[in-house]
Amino acid sequence: MTHIPDDPSASLHDEPYRPQFHYSAPYGWLNDPNGLVYYDGEYHLFFQYHPHSTVWGPMHWGHAVSTDLIQWETLPIALYPDHLGTIFSGTVVVDPANSSGLVPGGGLVALYTYSTQTQGVAYSTDRGRTWTKYTDNPIIPALRPDFRDPKVFWHDRRWVMVLSAGQSIMFLTSPDLLQWEVVSEFGSGYEGGVWEVPDLFPMTVDGITKWLLVFSVNPTAPAGGGGTRYAVGNFDGRTFVEDTPGKILWLDWGPDNYAGTTYNNIAEGRRLFVAWMSNWAYANKVPTSVWRGAMTIPRALSLAKTSAGYRLAQRPVDALHNLRMPLGTWENITVDGPLALDAICGQTLDIELDVALADATAFGMSLSTGAEDAVRISYDVPRREMTIHRSDAGIPYFNPSFVAPLEPDDGQIRLRILVDSSSIEVFANDGLLSLTSQVFPGGDILHARVFAEHGMACVRSLRAYHLRSIWSERT
Ligand code: FRU
């Protein structure tokens with residue numbers, strides 16, 4: 001068992017591999033984001049939390065708030081285990097009209113799963129600072145062995161809940177957040193692992209509104225272990241119908257994007273997504289101490305109409321720009337082999353590049369800590385595939401590389417690469433492809449190199465930034 005400091009603020013966030021611009025708890029174990037809600041000027045981030053250890057155990061809801069989704073303040077634990085069980089994943093809604101009768105004058109209501117797979121309610125009337133459990137918990141019994149992770153939203157004059165039920169998603173409705181009726185169930189006959197952490201929301205493109213059903217599946221993800229999936233369809237307030245039956249897409253092709261879910265109570269048209277940046281295949285073993293587990297960079301989602309159909313695109317939230325310190329700008333560089341870019345080095349990086357592929361068979365970027373590549377991103381032009389290799393990232397049980405399909409856009413690819421002390425997030429072609437991966441490089445400082453193979457590529461533009469630590473201004 002790891003030594004946990006008595007004073008949570010004692011962590012300086014300067015331990016090896018500590019994320020510098022992603023949220024991680026000051027100490028202890030963290031998994032899924034929970035109860036994502038914007039309320040009274042604050043983005044709340046609750047999370048699956050074991051404060052007494054760096055491995056998964058009795059779950060609490062940890063709590064942090066932010067005004068911009070980048071700079072976070074950790075608050076005291078919001079929900080503790082009780083006689084009904086420990087506190088698994090769930091949702092928070094704003095109940096402005098006090099439909100629940102629990103929050104006179106309006107307030108926050110949390111719906112979460114107990115470890116017994118029953119569903120409970122808690123409420124807060126002080127901006128999420130303190131929480132009271134509902135006296136008649138649980139409000140929904142365990143109808144299945146794996147029956148958990150409610151996400152609730154207001155739609156068409158009632159509350160709608162999506163809930164994982166083994167290898168399907170159940171839909172429930174309620175007038176008051178307390179009495180729920182099962183109205184439909186969605187399953188695809190998909191035999192993969194257990195379905196967890198569902199979410200459902202509308203998105204509009206070119207005047208057409210589609211509903212996105214997002215959920216996590218563990219195992220069977222393309223990069224191994226678990227991953228987040230989505231289906232595109234329609235929802236009439238009771239039933240979700242897929243546009244193409246059985247067509248369930250992967251939201252991220254890297255190994256470390258799980259239990260992703262979106263914010264409630266955000267202005268219409270905006271959808272903000274956060275996931276746990278790990279994988280149950282090895283989450284309990286990654287080489288960190290004091291803390292374990294971090295969130296992805298919060299991402300703004302959009303819907304795109306592509307030749308293959310409707311697809312979600314992801315873009316890091318704009319507030320990340322506030323951390324940028326320019327390292328350099330390049331234009332029209334011809335690359336016909338390896339090319340070191342000495343100015344691009346550091347522990348945290350934000351790199352944007354547009355590349356015309358010309359006649360190269362592969363183009364990529366590698367980040368090394370000296371002789372060894374810590375991580376290598378490469379695009380195979382004939383195969384139309386993006387690969388990330390993290391084989392030299394120091395972790396023997398990691399799957400060493402993973403591959404994702406990517407169509408070039410008029411002979412070009414555009415990349416946005418975020419590098420933190422133990423992660424890399426790659427967004428390609430305006431976020432139509434994203435790959436999220438933990439990496440644990442041996443040395444702190446990474447050096448960047450671009451390369452082209454068997455021909456030439458042209459880097460039309462490249463902008464690189466160092467990102468300031470979000471913890472540096474803390475006292
Ligand atoms: C997903 C999950 C959820 C569950 C929670 C427990 O990662 O397994 O289904 O509620 O984690 O910590």
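Located above this text is the structure these notes cover.
Let us look at the structure shown here. (Residues numbered from 1 in each chain as written. Predicted model: local features only at pLDDT ≥ 70, side-chain atom pairs only at ≥ 80, totals over all residues. Heavy atoms only, no water.)

To continue, consider the site of the ligand. As a structural note, the neighbourhood of the ligand is formed by Asn-31, Asp-32, Gln-48, Trp-56, Met-59, Phe-88, Ser-89, Arg-148, Asp-149, Glu-196, Tyr-258 and Trp-280. Taking Gln-48, its side chain carries an N or O atom lying 2.7 Å from an oxygen atom of the ligand. In this structure, an oxygen atom belonging to the ligand sits 2.6 Å away from a side-chain N or O atom of Arg-148. Alone, the ligand offers 320 Å² of accessible surface; in the complex the protein occludes 96% of this. Of all the secondary-structure elements, those providing two or more residues to the shell around the ligand are strand 1 (28-39), strand 5 (87-95) and strand 9 (147-155). Among the residues forming the shell around the ligand, the class breakdown is 5 nonpolar, 3 polar and 4 charged. (Near = heavy atom within 4 Å. Polar contact = N/O pair within 3.5 Å; in protein donor to acceptor, adjacent residues only side chain to side chain. Areas by Shrake-Rupley, 256 points an atom, 1.4 Å probe, with all protein chains shown as cover. Helix = DSSP H or I, 4+ residues; strand = E, 2+ residues; numbered from the N terminus. Nonpolar A, V, L, I, M, F, W, Y, C, P; charged D, E, K, R; others polar.)

Another point: the pattern of salt bridges. If you walk through the whole model with that rule in mind, you get 25 salt bridges. The partner of Asp-156 in a salt bridge is Arg-157, with the nearest N and O atoms 3.5 Å apart. For Asp-380, the salt bridge identified is with Arg-383, shortest N-O distance 3.7 Å. Exposure remark for Arg-383: the relative accessible area of 59% places this residue in the exposed category. (Salt bridge = Lys/Arg side-chain N within 4 Å of Asp/Glu carboxyl O. Buried < 20%, exposed > 50% of the residue type's maximum accessible area, 1.4 Å probe, protein only.)

The buried fraction of strand 2 (residues 42-50) amounts to 9 of the 9 residues, a majority that puts the element mostly inside the structure. In strand 2, alternate side chains face the same way, and those of Glu-42, His-44, Phe-46, Gln-48 and His-50 on one face and Tyr-43, Leu-45, Phe-47 and Tyr-49 on the other are all buried. With 7 bridges joining them, strand 1 and strand 2 adopt antiparallel strand pairing. Among the inter-strand pairings, Pro-33 is bridged to a residue of strand 2, identified as Phe-47. Count of turn residues in the strand 1/strand 2 antiparallel hairpin: 2 residues, of which Asp-40 carries a positive phi of about 50°. Sheet topology note: the strand 2/strand 3 (residues 60-66) ladder contains 7 bridges and is antiparallel. Directly across from His-44, in strand 3, lies its bridge partner Val-65. (Pairing = 2+ DSSP bridges.)

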